[in-house]
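Residue-level listing of the chains:
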Amino acid sequence: MVCHPLRFLGLAVGALASCGALAADRELIYTTRSGDTLIGLERQFLAAPFGWKNLQLHNRVLDSLRVPVGAKLRIPEAWMRIEPKMARVIALQGDVTMDGRALGLDAKVPAGAFLRTGVGAFVTLAMPDESRLTVQPQSAARLDKLHGVPGFSGQSAEVFLERGRVETRVEAQRGPAARYQIRTPTGSVAVRGTEFRVGANPDAHAAQAEVTGGEVQFNPAGSGAPKALPAGFGLVAKAGQALPPVRPLLPAPALDSVPARFEQVALSLPFAPVDKATGYRAQVARDQAFADVVMDGVFATPQARFTGLPDGTYWLRVRAIDDAGLEGLDASRTFEVRARPLAPAVLAATDGRLAWRAEGDAARYRVQLATDGHFATPLIERDVDGLELAPQLAPGRYDWRVASVAADGHQGPWGEPHAFIVRAAPGPVSVTAYNQRLRFAWPAGGNQLYDVQLARDAGFTDLIADQRIGEAAFTIAAPASGTYYLRLRGTYPDGTTSPWSGVQTLRTFYLLPWWSLSSPAVSNP
């Protein structure tokens, strides 16, 4: 029985068994032309130790010098000279090595190279025919073959997946030498042009294939008939067992509930549940083709969580996983992250003073203050170069938030709003003089403590009294004649503190032992 190459190329590796040959015995067909001789064909195609006599015996040619025009000569691929080719790294993420050394972008990957990816790491290779192979996280794969055959069109590529997963998009394989195959310890897949995934689990002695476009055939290692896998189907093979029936892949989940824009570093991406799903795989990539994957995760519930993505536009891809471990059809959509410069961490608002911590990428800060909590019509919106703002506010409840502004004027997202209460400052204070003592009193404001300060200067740096008391009055020995400054504030049981009262001026009346206390110098802020 003769294996015609074009028929071979339309089948998987397993189909070779029906031709009575092993993969190593694959043959190319050469159609002879005028002037061809077996000796000439040896010079053109064959590698030592194979020669024209081998061709003559293999094809039962009677006259080595006279070959009929149009004859179909069968040439085993193993006899032929090859033209080595290289794959190229077009994207990678994380810890990726080739033969134990770190791999870089645009690096060349020759046949025989062993690739290994760490946790969360990816690498995508472009083959010379522009087929794409993406090695997923925690995988190990070897590029066993990558070559052409001089005189024959097409590329032969063979990948051995030791463990983990690969995803591939194969360009249509044209030409007698064209071949694309992925092998695992449990089985192999070969195609002409399609999109599919292969997984290898050596601990469970299992392999799986999932086809999302075109058709492949899965051939079990050792004996056993292959099975065709059309688009939308997959199977899980176990070593030493017959191939199970193919099963449909779970449908793609709906991603309508995924926001189009995120303004925080921690991302929560909800999607619709899929019936019969036991989990979900979600991936984030910089490109729609998912050659440049930057994050990957498997989640038990229909919600993916990622953190740390730089600002930019991304693609999200999600698929459901069934009870056999097969990953279903993909759903994808784009989204953007605009989380920087990050909003600063805020500090507790005290004394009506709003404060926050410095944020590294911020050149200044934008503060909004509102009374409705929605900031539709903010009471205050102000840019601040420093790390605090002390607005003049009437007593009441307020909400505030702050955002960082970059040097180029770009504002990052607003931080979470925070509520605070401005308490009315206690006072005004009255003074009574008796027996060379001064008694200060003011209207009681309920269950609160009072901080009272009396100073020689209006800046309250030279204090002669600084007390916290529990009643609305305090008494001190009368100071020497002169001018003094008084202020007070209240602290409430919930921890809130009023602003300082307006400063009142205390002075003696000429040389007489009379004391006067002015009204507050400013109204309650």
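Our structure is the block above this text.
**Some remarks on the environment of Ala221**
Move 1: Position of Ala221 among the secondary structure elements: in the loop between strand E17 (215–220) and strand E18 (227–230).
Move 2: As a C-alpha pair, Ala221 and Gly240 span 19 residues in sequence and 8.4 Å in three-dimensional space.
Move 3: When neighbours within four sequence positions are excluded, Ala221 is seen to be in contact with Pro185, Thr186 and Gly187.

**Some words on the sheet that holds strand E38 (residues 473–477)**
Backbone-to-backbone hydrogen bonds pair the strands of a sheet. The strands run either parallel or antiparallel.
Move 1: Here three strands make up an open sheet; going across it, the order is E34-E35-E38 and the pairing antiparallel. With one partner strand each, in any of the chains shown, strand E34 (430–434) and E38 form the two edges of the open sheet. Strand-to-strand twist in this sheet, taken as the mean axis angle between neighbours without regard to direction, amounts to 20°.
Move 2: As paired elements, E34 and strand E35 (residues 437–441) share five bridges and run antiparallel to each other. Counterpart to Ala433 in the pairing with E35 is Leu438.

**Some remarks on the pattern of salt bridges**
Move 1: A full pass over the atoms with the stated rule returns 35 salt bridges.
Move 2: The partner of Arg183 in a salt bridge is Asp144, and the shortest N-O contact between them spans 2.4 Å. Taken together, the residues span a long stretch of sequence, with Arg183 in strand E13 (residues 179–183) and Asp144 in strand E11 (residues 140–149) at a distance of 39 residues.
Move 3: Close ionic contact of Asp323 with Arg247 constitutes a salt bridge, the shortest N to O distance being 2.9 Å. Of this pair, Asp323 sits in the loop between strand E26 (312–321) and strand E27 (331–337) while Arg247 sits in strand E20 (residues 247–248); the two residues are 76 residues apart in sequence, bridging distant segments of the chain.
Move 4: A residue is classified by how much of its surface remains accessible, and Arg247, at 32% relative accessible area, is partly exposed.
Move 5: Here the salt bridges do not stand alone but share partners, grouping Arg165, Glu167, Arg197, Glu210, Arg281, Asp296, Arg317, Arg319, Glu327 and Asp330 into one network.

**Digging into the side chain of His147**
Move 1: Along the chain, His147 turns up in strand E11.
Move 2: For His147, the contacting residues outside a window of four places in its chain are Glu77, Ile82, Glu83, Pro84, Lys85, Gln155 and Ser156.

**Brief notes about empty space enclosed by the protein**
Move 1: According to the stated counting rule, one finds two cavities of 30 Å³ or more in the structure shown.
Move 2: Reported here for the second largest cavity is a volume of approximately 40 Å³.
Move 3: With three residues, E11 is the largest single contributor of residues to the lining of the second largest cavity.
Move 4: Class assignment for the residues of the lining of the second largest cavity results in seven nonpolar, no polar and one charged.

**Brief notes about the layout of surface pockets**
If you roll a probe as big as a water molecule over the atoms, it shows you where there is empty space left.
Move 1: Approximately 510 Å³ is the volume attributed to the largest pocket.
Move 2: Lining the largest pocket are 26 residues, with Gly164, Arg165, Ala200, Arg281 and Glu327 sitting closest to its centre.
Move 3: Listed by contribution, the elements that provide at least two residues to the lining of the largest pocket are strand E12 (152–169), strand E15 (195–201), strand E16 (206–213), strand E19 (233–238) and strand E24 (293–299).
Move 4: Looking at the lining of the largest pocket residue by residue, the classes come out as ten nonpolar, ten polar and six charged.

**Concerning the nonpolar core**
Move 1: Of all hydrophobic cores here, the largest spans 38 residues; its most connected members are Val109, Tyr180, Ile182, Phe196 and Phe218.
Move 2: At four residues, E12 tops the list of elements feeding residues into this core.
Move 3: Val109 has contacts with Met86, Ala87, Val89, Met98, Leu115, Leu125 and Leu143, leaving out every residue within four places of it along the chain.
Move 4: Listed in part, the 25 residues of the second largest apolar core include Leu250, Leu267, Leu316 and Ala339.

**Section: the pairing of strand E39 (residues 483–491)**
Move 1: With seven of nine residues buried, E39 lies mostly within the body of the structure.
Move 2: Here strand E36 (residues 449–455) runs beside E39; their pairing, made up of seven bridges, is antiparallel. What sits directly across from Asp451, in E39, is Arg489.
Move 3: For E39 and strand E40 (residues 504–509), the ladder comprises four bridges, and the chain directions are antiparallel. The residue of E40 that forms the bridge with Leu486 is Gln504.

**Looking at the packing of aromatic side chains**
Move 1: Counted by the stated rule, this structure contains 14 aromatic pairs.
Move 2: Summarising the aromatic geometry, the rings of Phe45 and Phe152 are spaced 5.1 Å apart at their centres and angled 50° between planes, so their arrangement reads as tilted. Note that Phe45 is positioned in helix H2 (residues 38–45) and Phe152 in strand E12, a separation of 107 residues in sequence.
Move 3: Taking the relative accessible area as the measure of exposure, Phe45 reaches 2% and is therefore buried.
Move 4: A ring pair is formed by Phe271 and Tyr280, whose centres lie 5.2 Å apart and whose planes are at 70°; its orientation type is edge-to-face.
Move 5: The class of Tyr280 is buried, set by a relative accessible area of 3%.
Move 6: Put simply, the rings of Tyr30, Phe45 and Phe152 touch in pairs and so form one group of aromatic residues.
Move 7: One cation-aromatic arrangement involves Arg487 over Phe460; the distance from NZ or CZ to the ring centre is 4.2 Å.
Move 8: A cation over an aromatic ring shows up here: Arg487 above the ring of Trp500, its NZ or CZ 4.2 Å from the ring centre.

Cut-offs applied
- Residues numbered from 1 in each chain as written.
- Predicted model: local features only at pLDDT ≥ 70, side-chain atom pairs only at ≥ 80, totals over all residues.
- Heavy atoms only, no water.
- Helix = DSSP H or I, 4+ residues; strand = E, 2+ residues; numbered from the N terminus.
- Contact = heavy atoms within 4.5 Å.
- Pairing = 2+ DSSP bridges.
- Axes fitted to C-alpha atoms, helices over the stretch in contact; angles between N-to-C directions.
- Salt bridge = Lys/Arg side-chain N within 4 Å of Asp/Glu carboxyl O.
- Buried < 20%, exposed > 50% of the residue type's maximum accessible area, 1.4 Å probe, protein only.
- 1 Å grid on protein atoms, 1.4 Å probe; cavity = no way out; pocket = protein on both sides within 12 Å on 5 of 7 lines; lining within 4 Å.
- Points joined across faces, edges and corners; volume = space filled by probe spheres on them.
- Nonpolar A, V, L, I, M, F, W, Y, C, P; charged D, E, K, R; others polar.
- Core = buried A, V, L, I, M, F, W, Y, C linked by side-chain atoms within 4.5 Å.
- Phe/Tyr/Trp six-rings, centres within 6.5 Å; stacked < 30°, edge-to-face > 60°.
- Lys NZ or Arg CZ within 6 Å of the ring centre and 35° of its normal.

Any functional reading would require information that these geometric values do not contain.
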